[in-house]
Amino acid sequence: MSQSFEGFGESSGFGARPAIIVVDFINGFTDPASQLGSDLSSQLEATKTLLDHARRKAVPIVFTTVIYEPHFRDGGSFIKKIPALKLLTADSEWVKVDEKLERDESSEPLIVKKFASSFFGTHLHSFLTSERVDTAIITGCTTSGCVRATAVDALQYGYQVVVPEDCVGDRSIEAHKANLYDIQTKYGDVTSLEMVIDYLNQLT
């Protein structure tokens, strides 16, 4: 990341009780055939590796999806800004979590959201609090949209924020890089997948 400023971008580090938040790795975003989609194959593979390690350590994992009712009024101005979101209705295959991640429906909650942040209008904070989580490890898409919004809110709710760079993606590489820079500078730690796995492996 090219430029740094004094007094910005210090590491906030890892806490003692992490959770993995998988933001919108659903078919509508991971399948290039979707109007909303792009090729996120490498990010899915990296996230699956991370989830395998987290599952072995019994680290809480939560997934998010986006679902709108047929009238789309629940999407407000977000739908007006991004009409392609109308693909995401309850009866659509687009809203299902990408099967490559092998979500365990018996133990890994799926949170339905309407807007960018995984916290806004959802029970995510309540879930993380009940699990006594202090560190939000954020994966998913898109870096410039829902990942960034989730990272900002996670910080504001008091979590230490970690974003493994290999596990997030965007339709635009420029937007991806710019928003990772902003997250690293102001909201959390952008790290390698290997660093996060090393941290998970040290958990008791």
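In what follows, the structure referred to is the one given above.
Quick summary incoming for the structure in this document. (Residues numbered from 1 in each chain as written. Predicted model: local features only at pLDDT ≥ 70, side-chain atom pairs only at ≥ 80, totals over all residues. Heavy atoms only, no water.)

Focus on helix 6 (residues 173-187)
At step 1: Taking 1.5 Å per residue as the helical rise, helix 6 with its 15 residues ought to reach 21 Å, and the 20 Å between its terminal C-alpha atoms agrees with that figure.
At step 2: What helix 6 keeps buried is the set Ala175, His176, Asn179, Leu180, Tyr181, Asp182, Ile183, Thr185 and Tyr187.
At step 3: Tucked inside the fold, the buried residues of helix 6 contact helix 5 (143-156), strand 5 (160-164), strand 6 (168-169) and strand 7 (189-191). (Helix = DSSP H or I, 4+ residues; strand = E, 2+ residues; numbered from the N terminus. Expected span 1.5 Å × (residues − 1). Buried < 20%, exposed > 50% of the residue type's maximum accessible area, 1.4 Å probe, protein only. Contact = heavy atoms within 4.5 Å.)

Here we look at the pairing of strand 2 (residues 61-66)
At step 1: Among the six residues of strand 2, six are classified as buried, and the element is accordingly described as predominantly covered.
At step 2: Of the two faces of strand 2, the one holding Ile61, Phe63 and Thr65 and the one holding Val62, Thr64 and Val66 are both buried throughout.
At step 3: Relative to strand 2, strand 1 (residues 18-23) runs parallel, the two being bridged by three bridges. Bridge assignment links Val22 to a residue of strand 2, and that residue is Phe63. (Pairing = 2+ DSSP bridges.)

Here we look at the nonpolar core
At step 1: In terms of nonpolar packing, the biggest core is built from 36 residues, with Ile20, Val22, Leu50, Leu88, Leu101, Ile137 and Leu200 touching the most fellow members.
At step 2: When contributions to this core are tallied by element, the ones reaching two or more residues are strand 1, helix 2 (41-56), strand 2, strand 4 (135-141) and helix 7 (193-201).
At step 3: Not counting residues within four places of it along the chain, the set of residues in contact with Leu50 comprises Ile20, Ile137, Thr139, Pro164, Cys167, Leu193, Val196, Ile197 and Leu200. (Core = buried A, V, L, I, M, F, W, Y, C linked by side-chain atoms within 4.5 Å.)

Thoughts on the pairing of strand 5
At step 1: Of all five residues in strand 5, four are buried; the element is thus mostly enclosed.
At step 2: In the sheet, strand 4 pairs with strand 5 via three bridges, with the strands oriented parallel. Bridge pairing links Thr135 to Gln160 in strand 5.
At step 3: Running through helix 5, the crossover from strand 4 to the neighbouring parallel element strand 5 is right-handed.
At step 4: The pairing of strand 5 with strand 7 spans three bridges and is classified as parallel. Within strand 7, the residue paired with Val162 across the bridge is Asp189. (Right-handed = clockwise from strand over helix to strand, strands pointing away.)

Considerations on the packing of helix 2 against helix 7
At step 1: At their nearest, the axes of helix 2 and helix 7 sit 10 Å apart, and the two run at 10° to each other. Regarding the angle of helix 2 to helix 7, the classification is roughly parallel. Note on element contacts: helix 7 touches helix 2 through Leu193, Val196, Ile197, Leu200 and Asn201, opposite Ala46, Thr49, Leu50, His53 and Ala54. (Axes fitted to C-alpha atoms, helices over the stretch in contact; angles between N-to-C directions. Parallel < 35°, antiparallel > 145°, perpendicular 65-115°, else oblique.)

So, the environment of His71
At step 1: Checked against the element boundaries, His71 lands in the loop between strand 2 and helix 3 (76-81).
At step 2: On the basis of relative accessible area, His71 is assigned to the partly exposed category, the value being 45%.
At step 3: Here the side chain of His71 touches Glu69 through a polar contact of 2.7 Å, side chain to side chain.
At step 4: At 2.9 Å, the side chain of His71 and the backbone nitrogen of Arg73 are in polar contact. (Polar contact = N/O pair within 3.5 Å; in protein donor to acceptor, adjacent residues only side chain to side chain.)

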